Amino acid sequence: MTELIERPVAAGDGGMHIDHFDDDHGGHDHGGPTGILKWLTTTDHKIIGLSYTVTSVIMLVIGGFLAELIRIQLASPNGTYVSLSEYNQLFTMHGSVMIYLFAGPFAFGGLANIIVPLQIGAPDMAFPRLNALSYWLYLSGSITMLLGFAVAGGAADFGWVGYAPLSNAIYSPGYGADLWIAALLLTGFSAIFTGVNLCATVFYLRAPGMTMFRMPIFTWNMLVVGILILLAFPVLTAGLIMLYCDRHFGTHIFTVQGGGVPVLWQNIFWFWGHPEVYILALPFFGMVTEIIACFSKKPVFGYKGMVFATITIAALSLGVWAHHMFTTGVVLLPFFSIMSLLIAVPTGIKIFNWIGTMWGGKVHLTTAMLFAVGFVITFLIGGITGIYLASPPLDFFTHDTYFVVAHFHSVVTALVMAGVGGLYYWGPKITGYLLNEKIGKWQFWTFFIGAQLMTFPMYQLGLEGMPRRMAIYPNDPQWANLNRIATAGALLMGISTLLLVVNIAYSWKRYPAGDNPWDAQTLEWFTTSPPPHHNYYSLPPIRSERPTWDYNHPDARSLAHGHQVPDHAPAAVTP
Amino acid sequence: MHSPSDTPSGVGMTSGNRRRRLLGLIALVAAPILLSGCDASNFGAFKSVTSQGRSSFHLWQGFSIVALIIGIPTLALIIWAALRYRARKGDTEVPRQTQYHLPLEITYTIIPILIVIGLFAATVVVEDKVTANPTPSAVVDVNAFQWGWRFTYPGHHFSIVGQTTQSPEMVIPENENVRIWLTSSDVVHGFYVRQFNFSRYALPGVINEFTLSPQKTGTFFGQCTQLCGLYHSLMFFRVKVVTPASYQVWLSQEQAAATKATGSAAKLQTGKQTGAGIPIKPAIGGGNN
């Protein structure tokens, strides 16, 4: 797409040369173990990040497969494809796998792990061994959760939110529930350690010149995510321990008998659960910001506004948890309503900034960019329907119906689009090879159309009064038709996911990427693809939030930092 | 849409093609909306048969109008920006590197804040109507359990119970304020009647109070919306709204039948129920507001 620009080593240009103890240091190992032993013992953030990415994409495929089974069951009113009990396990595990094992770990364990140190010029994460521990906890947690399908009584079947008292030992006596709790404890600690690592890395390991306001938006978002993880995940972990004690040690924290309060679980869960929504979303916002700026050939529009919007979203997200509980009748409605409505403001700023970044640019609609634009459109739909849900009277009749299911599936399918865009965008940096663009575009259109085809009928189903989590539903022809369309959409998304697998297999070592295939802007594109063991042989001068662009476009450099060019001045041209 | 002045030379050639693509994209996004068969003026929702539900419905209409006024132009801007500024093949020119436009940024911060304040004000007004509990002329004690409902009429010594395959029917009078006391005997359930535009959790250990003021007679379909275990999908009930006169007749008939059948206490103990006999605490701190 763009030709690579010849670049000399940056030393003497205000840049920084990194001294190595020996010339062989850039090799892929230190003469240490190779093969599987290397994978098992590594503390390199890139290898750990890649393990995270691969594991979480496998979880996406598993979660998607469970979703297809759910949709097949719902394609007809009195579906007999699975039993009532199996259905409850299916949607519980679909939600749990997607939320706990895919979306978060993919973002903050996978891409962030690889990209954040590269974007700030760090040699690794701040605590490499802790990073490795995070991954192994995550992998064991994932296996633990999936093992639920193998035990007597089946997997957990009380929904991914595990509302007490349904999740206690009387109403859910199976081992699947215990495995679910154990899995969340393991992955929860994994997330907490990753949060510690992200914060420490961003605060302490930035390269000289990389001030806070020169960090790329993705890194900014990951810092905020790290802080949110530290605030939210310990609460979930504590809640899960209480739930486990209720189940096995005779405590009555969430049961009425003995003086407990069932709704306390909902407060604890959503005190984690709503920040979690943004822990999931902010990394993907960051990915999209980077992709849109890169493929519009412009800096991020309203960079500082973007940073403050991220921080505002994070701050507000800690005070909105009870909008999941409007219909409990035991929360202060106006407070949680206004807090939830206000989140629309910074989120809206982001959407306008994404439009502003494309505006007047040179938009290259590569697969990554298509996915990013698809994200913005789908997220807009999910965001607007979210505003309805922030209003208690409207929530009263949409809560626990398919309207809510459609709302958050608009949001999460948007996040998946952003994530896949991230894979197409950063994949070449991580592996050194590009993915096939033609298959990529097919993958985009099948996913984008599939996502809308699935969610729009669901919105209508919710308004028609179909509650969520129903294994069978009354034989209403309109419900049946809408469900059939939704199933078709889900199948289309399944095909799209297969196309990703096909593309990876087809493009395997086929299209060498070079260091900077997209003429991108941020620091990570300055190093080789894949980067050497400690990431950089040399660094360019870091004088803005896009050092690689400044280096490659010296004439355009002065146009950054918000300086307006007079209208009559010609646009700068690359040498 | 395409004035010659904002079309740089060389782009005009492909603008028809672009416009077709743009229309195609719009059709693509609009198709599912049309397929899902929304009723335009209702924005897909029910008008509702209770006065509370009608207030919510009007709020729904208001929100929908605002959503469309904001959503459609924003959607158009996204698609427009992505297609209008597409790079041509071989174009290596660097576009203007605009990074900030403070007046614009402040505008799209302030306007959403004002809209949010407006939406919140409308929300509070409707919420106060929907959650108000005026003096009732009828009271029904609704108890949810795995997997059925028990409707008790306090002071009238009978209750109606039904589970899974036999869904029970609650009878309430038209044009009057009917107070519901909602409780659960075991896990969390959801009391939801779609024609009322309303739902409320049945929580163990809490009495949830709310008022329904039906404006229309008829039988309406209700069901549990909160996952409550194996037979959650089958936890149905019906609400029959009758004229106040018929309600009084029905009440005395049911009471007489119950007295006849058992001599004193409650009619029906057909279904087994789990967790019966849990002491019920009153809700703390007037949380129903």
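Residues numbered from 1 in each chain as written. Chains lettered and ligands numbered in written order. Predicted model: local features only at pLDDT ≥ 70, side-chain atom pairs only at ≥ 80, totals over all residues.

Observations concerning the overall build of chain B
The helix and strand tally for chain B stands at four helices and 10 strands. Listing the helices and strands of chain B from first to last along the sequence gives α-α-α-β-β-β-β-β-β-β-β-β-β-α. Split into buried and exposed, the 289 residues of chain B put 37% on the buried side. Taking the contacts inside chain B whose residues are at least 6 apart along the sequence as the reference set, 70% of them involve residues at least 24 apart. (Helix = DSSP H or I, 4+ residues; strand = E, 2+ residues; numbered from the N terminus. Buried ≥ 20, exposed ≤ 12 C-beta atoms within 10 Å, placed from the backbone. Contact = placed C-beta atoms within 7 Å.)

Digging into the overall build of chain A
In terms of regular secondary structure, chain A is built from 15 helices and four strands. In terms of overall size, chain A behaves like a compact globule, its C-alpha atoms giving a radius of gyration of 24 Å where 575 residues would be expected to give roughly 25 Å. Principal axes of the C-alpha set define a box for chain A whose edges measure 75 × 55 × 45 Å. The proportion of buried residues among the 575 residues of chain A is 62%. Long-range contacts, defined as pairs at least 24 residues apart, comprise 82% of the intrachain contacts of chain A with a sequence gap of at least 6. (Rg over C-alpha atoms; globule rule 2.2 N^0.38 Å.)

Points about the pairing of strand β2 (residues 148-152) of chain B
Residues and elements named next belong to chain B. Of all five residues that make up β2, four are buried, and the element is covered over most of its length. Of the pairings in the sheet, the one linking strand β1 (residues 138-145) to β2 comprises five bridges and is antiparallel in character. Opposite Phe 145, over in β2, you have Gly 148 as the bridge partner. Remark: two residues form the turn of the hairpin made by β1 and β2, two consecutive strands paired antiparallel. (Pairing = 2+ DSSP bridges.)

Describing the interface of chain B and chain A
With 78 residues of chain B at the contact, the number on the chain A side is 89 residues. Of all elements in the fold, only α1 (12-35), α2 (51-84), α3 (102-131), β6 (189-193) and β7 (198-202) of chain B reach the threshold of two or more residues within the side of chain B that touches chain A.

Points about the domain arrangement of chain B
All names here are of chain B. As far as domains go, chain B holds domain 1 (4-88 + 98-131) and domain 2 (138-262). Listed by partner, the interface residues are 10 residues for domain 1 and 12 residues for domain 2. Per element, the largest residue contribution to the side of domain 1 that touches domain 2 is five residues, and it comes from α2. A class-by-class count of the residues in the side of domain 1 that touches domain 2 yields three nonpolar, seven polar and no charged. (Domains from an automatic or database assignment. Nonpolar A, V, L, I, M, F, W, Y, C, P; charged D, E, K, R; others polar.)

Some thoughts on the sheet that holds β2(B)
Residue and element names in this part refer to chain B. Here five strands make up an open sheet; going across it, the order is β3-β2-β1-β5-β8 and the pairing mixed. A single partner strand is all that each edge strand has here, and the edge strands are β3 (159-163) and β8 (208-212). Averaged over all neighbouring strand pairs, the angle between strand axes comes to 20 degrees, with direction disregarded. Across five bridges, the pairing between β2 and β3 is antiparallel. When the sheet's bridge partners are listed, Phe 151 is paired in β3 with Ile 160. (Axes fitted to C-alpha atoms, helices over the stretch in contact; angles between N-to-C directions.)

As for the sheet that holds β6(B)
Residue and element names in this part refer to chain B. An order of β4-β10-β9-β6-β7 is seen for the five strands of this open sheet, with the pairing classed as mixed. Only two strands of the sheet have a single neighbouring strand rather than two, namely β4 (169-173) and β7. This sheet shows a mean twist of 25 degrees between the axes of neighbouring strands, independent of strand direction. Here β4 runs beside strand β10 (residues 236-242); their pairing, made up of five bridges, is parallel. When the sheet's bridge partners are listed, Glu 169 is paired in β10 with Arg 238.

Considering helix α4 (residues 128-146) of chain A
Spanning 19 residues, α4(A) covers 27 Å between terminal C-alpha atoms, matching the ideal 27 Å at 1.5 Å per step. Taken as a whole, α4(A) has its buried residues at A:Asn131, A:Ala132, A:Ser134, A:Tyr135, A:Leu137, A:Tyr138, A:Gly141, A:Ser142 and A:Met145. (Expected span 1.5 Å × (residues − 1).)

Concerning the nonpolar core
Counting residues in hydrophobic clusters, the biggest one holds 253 residues, and the most contacted among them are A:Val288, A:Ile291, A:Phe371, A:Ala372, A:Val376, A:Leu415 and A:Ala418. The element best represented in this core is helix α7 (residues 262-296) of chain A, accounting for 21 residues. Counting contributing residues, this core receives three or more from each of domain 1 (4-88 + 98-131) and domain 2 (138-262) of chain B. Apart from residues lying up to four places away in sequence, A:Leu415 is in contact with A:Ala103, A:Leu280, A:Ala281 and A:Phe284. (Core = buried A, V, L, I, M, F, W, Y, C linked by C-beta atoms within 7 Å.)

Considering helix α3 (residues 84-119) of chain A
Given 3.6 residues to a turn, an α-helix orients residues that are three or four positions apart in the same direction. Residues and elements named next belong to chain A. Taking 1.5 Å per residue, 36 residues should reach 52 Å; α3 reaches 48 Å between its end C-alpha atoms and fits that length. Where α3 bends most, the angle comes to about 55 degrees, and this point is Ala 112. With respect to burial, α3 is a largely interior element, 31 of its 36 residues being buried. In the stretch just after α3, Gly 121 is the one whose phi turns positive, near 70 degrees. (Bend = angle between axes of the 7 residues up to and from the residue.)

With respect to the packing of helix α10 (residues 367-389) of chain A against α2(B)
Following both chains from N to C, one finds α10(A) and α2(B) inclined at 170 degrees, their axes separated by 10 Å at the closest point. Looking at the two axes, α10(A) sits roughly antiparallel to α2(B). Within the contact between the two elements, α10(A) uses A:Val373, A:Val376, A:Ile377, A:Leu380, A:Ile384, A:Ile387 and A:Tyr388 and α2(B) uses B:Phe63, B:Ala67, B:Gly71, B:Thr74, B:Leu75, B:Ile78 and B:Ala82. Here the contact of α10(A) with α2(B) is composed, by residue class, of 12 nonpolar, two polar and no charged. (Parallel < 35°, antiparallel > 145°, perpendicular 65-115°, else oblique.)

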